[in-house]
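What the coordinates show
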Amino acid sequence: MIILDENKVIKRRIKKSYRLDDIDMEIRKLRTRSEAKLLLKASKVIDVPEMKNMNEERKEIYMELLKGKKLSEHLDSFPLNEQKEICGVIGKNIARIHDSDIIHGDLTTSNMILIDNRVFFIDFGLGFSSHKIEDKAVDLHLLRQALEAKHFRNWESLFKEVVRGYEESKNHKSVLEQFKKVEKRGRYRENY
């Protein structure tokens, strides 16, 4: 649950009725702690909302409210060359978090906010730490799918710019090779 409070955002993990109370409480506490750690780690290499505080007992993270444009709603309204520039920045940001072994887990333009030509990544709730090439390739695959679904007019040229930006990653060759394998597996599954 997201709560807007003046100029801050409170992300609260709410109880899931289908889980046993003790298990639910522990899962929510661990996920809150994990997301806060990822947010702090990511803040050292890319633009993310500033974390103000965290309360494990309440399962809440307090962050600055970003006043910008959510890319899922605005990317298509920009001229194509500007869309491509933005996607290049997205690729560089992904390279930086991947080089820090951060997997976002939900790379979509719904989780990106544009402020003065800077792309802020938000919502690390499905994120985790991993050095595995496969996890990084799947992260890219999810973004490719999101671009195709939401920004279908130009998704191919936009994703090419993401890849171009991603080439800043020290492991870009391995990740992009694995990405091709992930894509093939995805197409294979879709045919059945």
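Details of the structure are given in the entry above.
All of the points below concern the structure found in this document. Being a predicted model, the structure only gives us computed values, none of them experimental. (Residues numbered from 1 in each chain as written. Predicted model: local features only at pLDDT ≥ 70, side-chain atom pairs only at ≥ 80, totals over all residues. Heavy atoms only, no water.)

**Notes on the side chain of S130**
Looking at the secondary structure, you find S130 in the loop between β9 (128-129) and α4 (133-150). For S130, a relative accessible area of 9% corresponds to the buried category. In this structure the side chain of S130 is engaged in a polar contact, spanning 2.5 Å, whose partner is the side chain of D135. (Helix = DSSP H or I, 4+ residues; strand = E, 2+ residues; numbered from the N terminus. Buried < 20%, exposed > 50% of the residue type's maximum accessible area, 1.4 Å probe, protein only. Polar contact = N/O pair within 3.5 Å; in protein donor to acceptor, adjacent residues only side chain to side chain.)

**Here we look at helix α5 (residues 155-166)**
The terminal C-alpha atoms of α5, which comprises 12 residues, lie 16 Å apart, in line with the 16 Å expected from a rise of 1.5 Å per residue. Inspection of α5 places W155, L158, F159, E161, V162, G165 and Y166 among the buried residues, and these make up the whole buried set. Taken around the axis of α5, the buried residues stretch over an arc of 155 degrees, which confines them to a single face. Across α5 from its buried face, at more than 90 degrees, point the exposed residues E156, K160 and R164. (Expected span 1.5 Å × (residues − 1). Arc of directions from axis to C-beta.)

**Some words on the pairing of strand β8 (residues 118-121)**
The pairing of strand β7 (residues 112-115) with β8 spans 4 bridges and is antiparallel. Following the sheet pairing, M112 is matched in β8 by F121. Hairpin geometry of β7 and β8 is characterised by an intervening segment of 2 residues between the two adjacent antiparallel strands and by a positive phi of about 50 degrees at D116. (Pairing = 2+ DSSP bridges.)

**A short note on the pattern of salt bridges**
Tallied over the full model, the rule gives 20 salt bridges. Of the charged contacts, one joins D47 and R118 as a salt bridge, the two residues approaching to 2.9 Å between their closest N and O atoms. Placement of the pair is D47 in the loop between α1 (21-42) and β3 (51-55) and R118 in strand β8, with a sequence separation of 71 residues. Assessed through its relative accessible area of 42%, R118 is described here as partly exposed. For R185, the salt bridge goes to E134, with nearest N and O atoms at 2.5 Å. With R185 in helix α6 (residues 172-190) and E134 in helix α4, this residue pair connects regions lying 51 residues apart in the sequence. Here R185 falls in the partly exposed class, since its relative accessible area comes to 33%. Residue E134 is classed as partly exposed on the basis of its relative accessible area, which comes to 28%. The structure contains a network of salt bridges with shared partners spanning K11, R13, E35 and D123. (Salt bridge = Lys/Arg side-chain N within 4 Å of Asp/Glu carboxyl O.)

**Section: the sheet that holds β8**
With antiparallel pairing, 3 strands are arranged side by side in an open sheet as β5-β7-β8. Two strands lie at the open edges of the sheet, namely β5 (69-70) and β8, each paired on one side alone. Note: β5 against β7, 2 bridges, orientation antiparallel. When the sheet's bridge partners are listed, K69 is paired in β7 with L114. Packing against the sheet, helix α3 (residues 80-99) makes contact with β7 and β8, and its axis sits at approximately 45 degrees to β8. (Contact = heavy atoms within 4.5 Å. Axes fitted to C-alpha atoms, helices over the stretch in contact; angles between N-to-C directions.)

**Re the sheet that holds strand β1 (residues 2-5)**
The strands making up a sheet associate through hydrogen bonds between their backbones, and the pairing can be parallel or antiparallel. The antiparallel open sheet is built from 4 strands, whose spatial order is β1-β2-β4-β3. The open sheet has two edge strands with one neighbour each: β1 and β3. Taken pair by pair, the neighbouring strands of this sheet meet at an average axis angle of 20 degrees, ignoring direction. The sheet contact formed by β1 and strand β2 (residues 8-12) spans 4 bridges and is antiparallel. When the sheet's bridge partners are listed, I2 is paired in β2 with K11. Contacts from α1 reach β2, β3 and β4 (60-64), with the element oriented near 160 degrees to β3.

Functional significance is not addressed by these values, which are geometric in nature.
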